[in-house]
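Chains, contacts and geometry: an overview
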Amino acid sequence: MKKYSLSVIMAGILWGSMGFWRRTMDVMGLSSFSIICIRCGFAALAFVLTILFTHRSLFRVALKDFWIFIGTGIISLLFFTLCYFQAMQMMSLSAAAILLYTSPVFVILISMPCFGEKITLKKIIAMLMALGGCAFVSGIGSDTAISGLGLLFGLGSGLCYGLYSIFSRFALNRGYSSITINVYTCALASLGSIPFILGSGQGSQLLIPFATLPDFAFCVVAALITCYLPYMLYTYGLSGLDNGKASIMASIEPVVATIFGFVIYGETLTLLSAAGILLVLGAIVLLNLGKQQQ
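Residues numbered from 1 in each chain as written. Predicted model: local features only at pLDDT ≥ 70, side-chain atom pairs only at ≥ 80, totals over all residues. Heavy atoms only, no water.

Description of the overall build of the chain
Put simply, the rule is: Under the scheme used here, helices are H or I runs from DSSP no shorter than 4 residues and strands are E runs no shorter than 2 residues, and both carry numbers assigned from the N terminus. Restricting the calculation to C-alpha atoms gives the radius of gyration, and the globule rule supplies 2.2 Å times the number of residues raised to the power 0.38. Three exposure classes are used, based on accessible area relative to the maximum for each residue type with a 1.4 Å probe and protein chains only: buried under 20%, partly exposed in between, and exposed over 50%. Two residues qualify as a contact provided that any one of their heavy atoms is within 4.5 Å of a heavy atom in the partner residue. We get accessible surface area from the Shrake-Rupley algorithm with a probe of 1.4 Å; when it comes to residues, only the shown protein chains can shield them. Positive charges are assigned to Lys and Arg, negative charges to Asp and Glu, while His and the chain termini are left out of the count. A charge is said to be at NZ when it belongs to Lys, at CZ for Arg, at CG for Asp and at CD for Glu.
Counting secondary structure elements, the chain contains 13 helices and 0 strands. When the elements of the chain are put in sequence order from the N terminus, they spell out α-α-α-α-α-α-α-α-α-α-α-α-α. Here the C-alpha atoms of the chain give a radius of gyration of 18 Å, agreeing with the 19 Å that 2.2 N^0.38 yields for 294 residues. With respect to the three principal axes, the spread of C-alpha positions in the chain is 45 × 45 × 30 Å. The burial tally for the chain puts 53% of its 294 residues in the buried class. A sequence separation of at least 24 residues applies to 87% of the contacts in the chain between residues at least 6 apart. As displayed, the chain offers around 12400 Å² of accessible surface, 73% of which is attributable to carbon and sulfur atoms. The average position of the 15 basic charges and that of the 8 acidic charges among the side chains of the chain differ by 16 Å.

Some words on the environment of P104
Note on placement: P104 falls in helix α6 (residues 103-115). Separated by 60 residues in the primary sequence, P104 and A44 place their C-alpha atoms 26 Å from one another.

Here's the deal with helix α13 (residues 271-287)
Formally: Take the number of residues in a helix, subtract one, and multiply by 1.5 Å to get its expected span. What the arc measures is the spread of directions leading from the helix axis to the C-beta atoms.
Taking 1.5 Å of rise per residue, 17 residues should cover 24 Å, and α13 covers 25 Å from first to last C-alpha, within 8% of that figure. Where α13 is concerned, the buried positions are S273, G276, I277, V280, A283, I284 and L287. Seen along its axis, α13 keeps its buried residues to an arc of 115 degrees; they face one direction. Away from its buried face by more than 90 degrees, α13 exposes L271 and L278.

Observations concerning the pattern of salt bridges
Filter applied, for reference: A pairing counts as a salt bridge when a side-chain nitrogen of Lys or Arg comes within 4 Å of a carboxyl oxygen of Asp or Glu.
Summed over all chains, the structure comprises 3 salt bridges. As a salt-bridge pair, D26 and R22 come within 3.6 Å of each other at their nearest N and O atoms. Here D26 pairs with R22, and both are found in helix α2 (residues 18-27), just 4 residues apart, close to one helical turn. Exposure remark for R22: the relative accessible area of 3% places this residue in the buried category. Between D65 and R174 there is a salt bridge whose closest N-O contact spans 2.4 Å. Of this pair, D65 sits in the loop between α3 (32-52) and α4 (66-90) while R174 sits in the loop between α8 (148-173) and α9 (178-199); the two residues are 109 residues apart in sequence, bridging distant segments of the chain. A relative accessible area of 5% places D65 in the buried class.

Observations concerning the packing of α8 against α9
Two quantities define a packed helix pair, namely the angle between the helix axes and the distance between the axes. Test applied: Angular values range over 0 to 180 degrees, each being the angle between N-to-C directions of two axes fitted as lines to C-alpha atoms, with helices fitted over their stretch in contact. Working definition: roughly parallel below 35 degrees, roughly antiparallel above 145 degrees, roughly perpendicular at 65 to 115 degrees, and oblique for all remaining angles. By convention, the crossing between two helices is left-handed when the near helix turns anticlockwise from the far helix through less than a right angle, and right-handed when the turn is clockwise. Ten residue types, Ala, Val, Leu, Ile, Met, Phe, Trp, Tyr, Cys and Pro, are classed as nonpolar, four, Asp, Glu, Lys and Arg, as charged, and the remainder, Gly among them, as polar.
Contact geometry for α8 and α9: axes closest at 10 Å, N-to-C directions at 135 degrees. The angle between α8 and α9 falls in the class oblique. α9 is crossed by α8, and the crossing has right-handed handedness. For the pair α8 and α9, contact is made by Y164, S168, A171 and L172 and by I181, N182 and T185, respectively. Split by residue class, the contact of α8 with α9 holds 4 nonpolar, 3 polar and no charged.

Things to note about the environment of I225
Among the secondary structure elements, I225 is positioned in helix α10 (residues 213-238). In this structure I225 comes out as partly exposed when scored by relative accessible area, which is 23%. Along the primary structure I225 and L14 are separated by 211 residues, whereas in three dimensions their C-alpha atoms are 6.1 Å apart. With near-sequence residues (within four places) excluded, I225 lies in contact with L14, S17, W21 and P230.

As for the environment of C219
With respect to the secondary-structure elements, C219 resides in helix α10. On the basis of relative accessibility, which here comes to 1%, the residue C219 falls in the buried class. When sequence neighbours within four positions are dropped, the list of residues in contact with C219 reads M25, M28, I38, F42 and P209.

See below:
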């Protein structure tokens, strides 16, 4: 289990840096949908190149299974990213990331009827600890409480992100590799964002990354660090862990997001938010105590 757990944790660390990349691309003049299109588009290209240089048979997908990739690409990645980016505009990076990690609650509850995963006492305690951490870091009940709309976007990102684990499990159970899952996930998410971009009259934004070499390099690196690598690592980790455990272990992201917010943007780290982070980390530790189980 060690390599699968490490893969999930590394994915969470990479995702934790998303706020920095997202805010910098925002300064470049890119809207949320444009960032989704560019980030997922470059990541999809990276997955295509990976397949071309490894096993081209990984492109093969049965038509009857294509709904799964619509689930991972459109229902999960596209709408999760949109909700998450909107949440980051309405609150601190750490609060947005913690709300994103209400996803284990959705994953655990959905995985029970869909895949027969047990809801153990350990999972329940870890889930409650994670929820408590979300409340503390979000400032619920304090002077820094987020708006209702911000909370809605944050929880929406948690639900949609959680659905990635659900749809990916269906794909893994049908024999698809993590690379196959993610090449179609990223491609569909990128293509799915285009109607929204054109509909809002922002089509010209798609040319911004190609304006200068530094801008192009920044967007490519952002796609590799926040999309290509973490999704490949997480999906690989998911192949050796149950959905609930993997989703909670990836909660290392809020810790990284908080560090970025504190160090780079000078966001305040209060005792309440620190307690929330400890609760989330405690949930991760709890799930890894004792006998290692899927």
